[in-house]
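# Inside the fold
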Amino acid sequence: NAGVTQTPKFRILKIGQSMTLQCAQDMNHNYMYWYRQDPGMGLKLIYYSVGAGITDKGEVPNGYNVSRSTTEDFPLRLELAAPSQTSVYFCASSFAGYNSPLHFGNGTRLTVT
Amino acid sequence: DQQVKQNSPSLSVQEGRISILNCDYTNSMFDYFLWYKKYPAEGPTFLISISSIKDKNEDGRFTVFLNKSAKHLSLHIVPSQPGDSAVYFCAASARTGGFKTIFGAGTRLFVKA
């Protein structure tokens, strides 16, 4: 039981490049989330999903896209990377909705130069 | 607009003593509160939670207190251990807020041996 697995752990992108951050969970959780953490700041919700085929925007969705074709996977796509997207990205899942603790992956550290 | 605030960026405590981490919130609709612990290069892990119908929840060395009238919660760790040194995030969510868990900026706890 691996929990929430994120790949890659680190990535450096040039401005304007694109990439996909991968996230997979093996707990059969319906709810999945993408957060970003900037230095000295809390985690900001980018996108979330309440089940396969259903996604919605969080607090800071601009510059990102997501898809949820299976219960297990929730990739985050960055199109046209910008320096403002330099951050640590965390994927999380939960069994239920608002009153269910989140299970986090170990993060992807992304630098855009 | 920070809805969840942790005003102390860091806290240093002697081993064996009590650690008290504080959190304030502004949204009166929040009705579920959580604390997460984060070690470097790892994702946050769930520590303890409390529903707004309670004013205290205890789990071993960890106790969370909720003061709804003051919109304030605190995490007490007794006794503090060196392994408790980590960043602690306060988080809150609302039944009517969809599936958005809002995080504070975190407090870094140092427990000195």
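This write-up is about the structure you can find in this document. Since we're looking at a predicted model, the values are computed, not measured. (Residues numbered from 1 in each chain as written. Chains lettered and ligands numbered in written order. Predicted model: local features only at pLDDT ≥ 70, side-chain atom pairs only at ≥ 80, totals over all residues. Heavy atoms only, no water.)

### Observations concerning the overall build of chain B
Inclusion rule: Helix numbers and strand numbers start at the N terminus; a helix is a DSSP run of H or I with at least 4 residues, a strand a run of E with at least 2. The globule rule used for comparison is 2.2 Å times the number of residues to the exponent 0.38, while the radius of gyration itself is calculated over C-alpha atoms. The buried label applies to any residue whose accessible area, calculated with a 1.4 Å probe on protein chains only, is under 20% of its type's maximum; exposed applies above 50%, and partly exposed to all values in between.
Along its length, chain B carries 0 helices and 11 strands. Secondary structure elements of chain B, listed N to C terminal, follow the sequence β-β-β-β-β-β-β-β-β-β-β. Computed over its C-alpha atoms, the radius of gyration of chain B comes to 13 Å, within 12% of the 13 Å expected for a compact globule of 113 residues. Considering only C-alpha atoms, chain B reaches an extent of 45 × 30 × 20 Å along its principal axes. Across the 113 residues of chain B, 45% fall into the buried class.

### Points about the environment of Gln 3 of chain B
Residues and elements named next belong to chain B. Rule in force here: Here, two residues are considered to be in contact whenever any of their heavy atoms come within 4.5 Å of each other.
Tracing the backbone through its elements, the reader meets Gln 3 in the segment before strand 1 (4-5). Taking the relative accessible area as the measure of exposure, Gln 3 reaches 23% and is therefore partly exposed. In this structure, Gln 3 is in contact with Asp 24, Tyr 25, Thr 26, Asn 27, Phe 30 and Ile 102, ignoring residues within four places of it in sequence.

### Some words on the state of the cysteines
Residues and elements named next belong to chain B. For the record, the criterion: In what follows, a disulfide is any cysteine sulfur pair within 2.5 Å.
Applying the stated criterion to the full structure yields 2 disulfides over all chains. In this model, Cys 23 is linked to Cys 90 through a disulfide, with the two sulfur atoms separated by 2.0 Å. Judged by the torsion about the S-S bond (-75 degrees), the Cys 23/Cys 90 disulfide is left-handed. Here the residue Cys 23 occupies a position in strand 3 (residues 19-25), and Cys 90 occupies one in strand 9 (residues 86-93), the gap between them amounting to 67 residues. This pair shows no difference in class: Cys 23 is buried, exactly as Cys 90 is.

### Notes on the nonpolar core
Residue and element names in this part refer to chain B. Stated formally: For our purposes a nonpolar core is just a set of buried Ala, Val, Leu, Ile, Met, Phe, Trp, Tyr and Cys residues, chained together by side-chain atoms within 4.5 Å.
Judged by nonpolar contacts, the single largest core of 25 residues is most densely connected at Phe 30, Phe 33, Trp 35, Leu 73, Leu 75 and Tyr 88. When residues of this core are traced back to their parent elements, those giving at least two are strand 3, strand 4 (32-38), strand 5 (45-51), strand 7 (62-67), strand 8 (72-77), strand 9 and strand 11 (107-112). Broken down by element, the residue count for this core peaks at 4 residues, all from strand 9. Excluding anything up to four places from it in sequence, Leu 73 contacts Leu 21, Asn 22, Cys 23, Tyr 25, Phe 33, Trp 35, Val 64, Phe 65, Leu 66 and Cys 90.

### Comments concerning the pattern of salt bridges
Inclusion rule: What counts as a salt bridge is simple: a side-chain nitrogen of Lys or Arg found within 4 Å of a carboxyl oxygen of Asp or Glu.
Tallied over the full model, the rule gives 6 salt bridges over all chains. Notably, a salt bridge pairs Asp 38 of chain A with Arg 36 of chain A, separated by 2.9 Å at the nearest N-O pair. Assessed through its relative accessible area of 22%, Asp 38 of chain A is described here as partly exposed. Relative accessible area serves as the criterion here: at 10%, Arg 36 of chain A is assigned to the buried category. Note that Arg 95 of chain B and Asp 31 of chain B form a salt bridge whose closest N and O atoms lie 4.0 Å from each other. You can see Arg 95 of chain B sitting in the loop between strand 9 and strand 10 (102-103) and its partner Asp 31 of chain B sitting in the loop between strand 3 and strand 4, a full 64 residues away along the chain. On the basis of relative accessibility, which here comes to 59%, the residue Arg 95 of chain B falls in the exposed class.

### A few points about the pairing of strand 9 of chain B
Residues and elements named next belong to chain B. Heads up, the condition is: What makes two strands pair is DSSP finding at least two bridges between them.
Counting buried positions along strand 9 gives 8 out of 8 residues, so the element sits mostly inside the fold. The alternating pattern of strand 9 places Ala 86, Tyr 88, Cys 90 and Ala 92 and Val 87, Phe 89, Ala 91 and Ser 93 on opposite faces, both of which are buried. Summarising the sheet, strand 4 and strand 9 pair through 7 bridges and their orientation is antiparallel. Bridge pairing in strand 9 places Lys 38 opposite Val 87.

### Focus: a nonpolar patch on the surface
Residues and elements named next belong to chain B. So the rule is basically this: Patch membership requires over 30% relative accessible area and the absence of a salt bridge. Like charges are linked within 9 Å, and nonpolar side chains (Val, Leu, Ile, Met, Phe, Trp, Tyr) within 5 Å. Surface exposure here means Shrake-Rupley accessible area, sampled with a 1.4 Å probe, where a residue is shielded only by the protein chains that are shown.
Taken together, the side chains of Ile 18, Ile 20 and Val 78 make up a nonpolar region of the molecular surface, amounting to roughly 230 Å² of accessible area. Relative to the assigned elements, Ile 20 resides in strand 3. Taking the relative accessible area as the measure of exposure, Ile 20 reaches 37% and is therefore partly exposed.

### Topic: the sheet that holds strand 6 (residues 56-59) of chain B
Residue and element names in this part refer to chain B. Taken in spatial order, the 5 strands line up as 1-3-8-7-6 in an open sheet, and their pairing is antiparallel. For this open sheet the edge positions go to strand 1 and strand 6, each flanked by a neighbour on one side alone. Taken together, the 6 bridges between strand 3 and strand 8 define a ladder with antiparallel strand orientation. Within the sheet, the bridge partner assigned to Asp 24 lies in strand 8 and is His 72.

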